[in-house]
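If you want the building blocks of each chain, they are given just below.
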Amino acid sequence: MKVAEHKLMKFAHRYVVPPETETTSSTSCRTSNDTATNSCSYETDGGSTVVDISLIATRISKARVFGANRSSSIMCQVVQSETNDDDDASTLTIHGVKVTCTCNRINNKNEKTPLLLLHGYGNAALYFYRTLTGLSIQHYGTVYALDMLGWGISSRPHFVTNDNHVRGAENFFVASIEAWREANKIDQFVLGAHSMGGYLAVAYAECYPNRVKRLILISPAGVPHKDEQVENTKWYNQSLLQRLVVGFGRKIIWNLGITPFQILRFWHYLLGSRAMSFVQSYLDEAFTMIDCKEEKAALSDYLFLNTMLPGSGEHVLSRVLQEGMFAIEPLVDRIPKLQVNFVSFLYGEFDWMDKSGGLEVKKLCKIKEENGENAPTVDVYDIKGAGHSPMLENWVEFNLAMILSGGGQLHSKATRPKLL
């Protein structure tokens, strides 16, 4: 997976800043690579802009996640470290990417609140590879993207929680993110998170609101309530074969707790390379905008190898969601109570995630404000031409929405993303 990771880092160099979308001034970049240190840098023609992309590994206490009494009994299936030391049995490793920028438009990078990006279900940090450099140069200065605990190249302990309730499952990630923040001495960040990561970002913001300056939810999972009438109508409109397949899948995932990636790993065990071809076929169909064969192959390898590693974080699925991908504790009830001033939703124009959830949150927060109660200010953006992965499908407009959501300003000639 590390080989695929390095390849995606190289492709990240291609996605910088289109001239027509500049925030304040234009930048012409050229690339230099340093594979020995896992870093890459960009310099402006004036020599004053340098962007460095590097891999980072942060050790956190296992007791922070599992508690002092249980941590010694929790075994890690995969433990990665970027140091030369052997991993301590009492620690876990959070792997990620750090992008830093020093340039004319960012006079002092310490004045900028950094951006922390969390990936969705079955993904990892470099799923954001097309956006990292642009977000650093255009607004944030410092951008972090993590492999959350149990995913990517981070440690993959057995998914054991203090209880079987929703909050116990959420804490597996919330506690590890907070331990990572403390270890890196970051006082506050803008928190952006995709899909399942968006759900977990809300759980983090509930526990540590003073650490989240702004919350950006990218096609988040688990927002709306389940409408039984709508779901029943969808069910009966399906063919008998579709009902059999979907019904069987739901029973496996939610009744037996088996994850989609356990099925894929079993398929790989039986069929070998055919399982890899399934991932490649998915990417060919879903991401037609990636026209470079080498880039698509690197992304395919990255996602496939991520799913082939021992399961850990993936087991959160049936612990926080119910059948139909609806949250057991919907975020539409939780976000209006957050002690975070600004919350933004980013959806793709053709997103399969229900946008009504974000719009309902906006409505509820507006009602609270009108009644004199504290509530987040909410914006909902629609990314043109994108589906559930706007950071890949329309990275230019995605970055613009991320800048606006982070409190930034756009160039007067930039096309503004659509507000819903």
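Preceding block: the structure.
Residues numbered from 1 in each chain as written. Predicted model: local features only at pLDDT ≥ 70, side-chain atom pairs only at ≥ 80, totals over all residues. Heavy atoms only, no water.

Caption draft 1: View of a nonpolar patch on the surface. Where nonpolar side chains cluster on the molecular surface, the patch consists of Phe266, Tyr269, Leu270 and Leu271 and spans about 480 Å² of accessible area. Within the secondary structure, Tyr269 is located in helix α8 (residues 260-271). Tyr269 gets classed as exposed once you look at its relative accessible area, which sits at 68%. (Patch = residues over 30% accessible without salt bridge, like charges linked within 9 Å, V, L, I, M, F, W, Y side chains within 5 Å. Areas by Shrake-Rupley, 256 points an atom, 1.4 Å probe, with all protein chains shown as cover. Salt bridge = Lys/Arg side-chain N within 4 Å of Asp/Glu carboxyl O. Helix = DSSP H or I, 4+ residues; strand = E, 2+ residues; numbered from the N terminus. Buried < 20%, exposed > 50% of the residue type's maximum accessible area, 1.4 Å probe, protein only.)

Caption draft 2: A look at the packing of helix α4 (residues 166-183) against helix α5 (residues 196-207). Running from N to C, α4 and α5 cross one another at 75°; their axes reach a closest spacing of 9 Å. In this view, α4 runs roughly perpendicular relative to α5, as classed from their interaxial angle. Contacts from Val166, Arg167, Glu170, Phe173, Val174, Ile177, Glu178 and Arg181 in α4 reach Tyr199, Leu200, Ala203, Tyr204, Glu206 and Cys207 in α5. Of the residues in the contact of α4 with α5, the class split is 9 nonpolar, no polar and 5 charged. (Axes fitted to C-alpha atoms, helices over the stretch in contact; angles between N-to-C directions. Parallel < 35°, antiparallel > 145°, perpendicular 65-115°, else oblique. Contact = heavy atoms within 4.5 Å. Nonpolar A, V, L, I, M, F, W, Y, C, P; charged D, E, K, R; others polar.)

Caption draft 3: Region of interest: the side chain of Arg211. With respect to the helices, strands and loops of the structure, Arg211 is situated in the loop between α5 and β8 (212-218). Ignoring sequence-local partners within four residues, the contact set of Arg211 consists of Glu178, Arg181, Asp187, Gln188, Phe189 and Tyr204.

Caption draft 4: Looking closely at the pattern of salt bridges. Applying the stated criterion across every chain, the model contains 11 salt bridges. Salt-bridge contacts for Arg265 lead to Glu314; the nearest nitrogen and oxygen are separated by 2.8 Å. In this pair, Arg265 is assigned in helix α8 and Glu314 in the loop between α10 (293-308) and α11 (317-320), connecting sequence segments 49 residues apart. By relative accessible area, which is 17% here, Arg265 ends up buried. Overall, Glu314 belongs to the buried group, its relative accessible area being 2%. Through salt bridges with shared partners, one network takes in Arg167, Glu170, Glu206, Glu329 and Arg334.

Caption draft 5: Representation of the environment of Tyr121. Examined against the element boundaries, Tyr121 turns out to sit in the loop between β5 (115-118) and α3 (132-140). Classification of Tyr121 by relative accessible area gives buried; the value is 17%. Expressed as a C-alpha distance, the spacing of Tyr121 and Glu314, which sit 193 residues apart in the sequence, is 6.9 Å. The contacts of Tyr121, once residues within four sequence positions are left out, are Trp151, Met196, Thr259, Pro260, Phe261, Glu314, Val316 and Leu317. Among the polar contacts made by the side chain of Tyr121, one reaches the main-chain carbonyl oxygen of Glu314 at a distance of 2.8 Å. (Polar contact = N/O pair within 3.5 Å; in protein donor to acceptor, adjacent residues only side chain to side chain.)

Caption draft 6: Structural view of the packing of helix α9 (residues 273-286) against α10. Viewed as axis vectors pointing N to C, α9 and α10 meet at an angle of 130°, and their least axial separation amounts to 10 Å. Relative to α10, α9 is oriented oblique. In the packing of α9 onto α10, the handedness of the crossing is right-handed. Contact residues: α9 offers Ala275, Met276, Val279, Gln280, Leu283 and Asp284, while α10 offers Lys296, Leu299, Ser300, Asp301, Leu303 and Phe304. Tallied by class, residues from the contact of α9 with α10 come to 7 nonpolar, 2 polar and 3 charged. (Left-handed = near helix turned anticlockwise from the far one by under 90°.)

Caption draft 7: Inspection of the nonpolar core at higher detail. Among the nonpolar cores identified, the biggest contains 62 residues, and Met196, Leu215 and Phe345 are the most heavily contacted of them. In terms of nonpolar packing, the next biggest core, distinct from the first, is built from 60 residues, Leu55, Tyr127, Cys292 and Ala298 among them. (Core = buried A, V, L, I, M, F, W, Y, C linked by side-chain atoms within 4.5 Å.)

Caption draft 8: Quick look at the packing of aromatic side chains. If you walk through the whole model with that rule in mind, you get 14 aromatic pairs. Each ring, one from Tyr121 and one from Phe261, has its centre 5.3 Å from the other, and the planes form 20°; the classification is stacked. With Tyr121 in the loop between β5 and α3 and Phe261 in helix α8, the pair connects residues that are 140 residues apart, well separated along the chain. No difference in accessibility class separates Tyr121 from Phe261, as the two residues are buried. Here Trp151 and Phe173 contribute two aromatic rings whose centre-to-centre distance is 5.4 Å and whose plane-to-plane angle is 15°, an arrangement assigned as stacked. In this pair, Trp151 is assigned in the loop between β6 (142-146) and α4 and Phe173 in helix α4, connecting sequence segments 22 residues apart. An aromatic cluster of at least three residues, connected via ring pairs, comprises Phe66, Tyr121, Trp151, Phe159, Phe172, Phe173 and Phe261. The ring of Phe342 carries Arg214 above its face, with NZ or CZ at 4.0 Å from the centroid. (Phe/Tyr/Trp six-rings, centres within 6.5 Å; stacked < 30°, edge-to-face > 60°. Lys NZ or Arg CZ within 6 Å of the ring centre and 35° of its normal.)

Caption draft 9: Structural view of helix α12 (residues 356-370). An ideal rise of 1.5 Å per residue puts 21 Å on 15 residues; α12 measures up with 21 Å between its terminal C-alpha atoms. Where α12 is buried, its residues touch β11 (342-348) and β12 (377-383). (Expected span 1.5 Å × (residues − 1).)

Caption draft 10: Layout of the side chain of Lys296. Turning to its location among the elements, Lys296 is positioned in helix α10. Beyond its immediate sequence surroundings of up to four residues, Lys296 is in contact with Leu283, Asp284, Phe287, Thr288 and Ile290.

Caption draft 11: Representation of the pairing of β11 within the structure. Counting buried residues in β11 gives 6 out of 7 residues, a clear majority hidden from the surface. In the sheet, β8 pairs with β11 via 5 bridges, with the strands oriented parallel. Bridge pairing in β11 links Leu217 to Phe345. (Pairing = 2+ DSSP bridges.)

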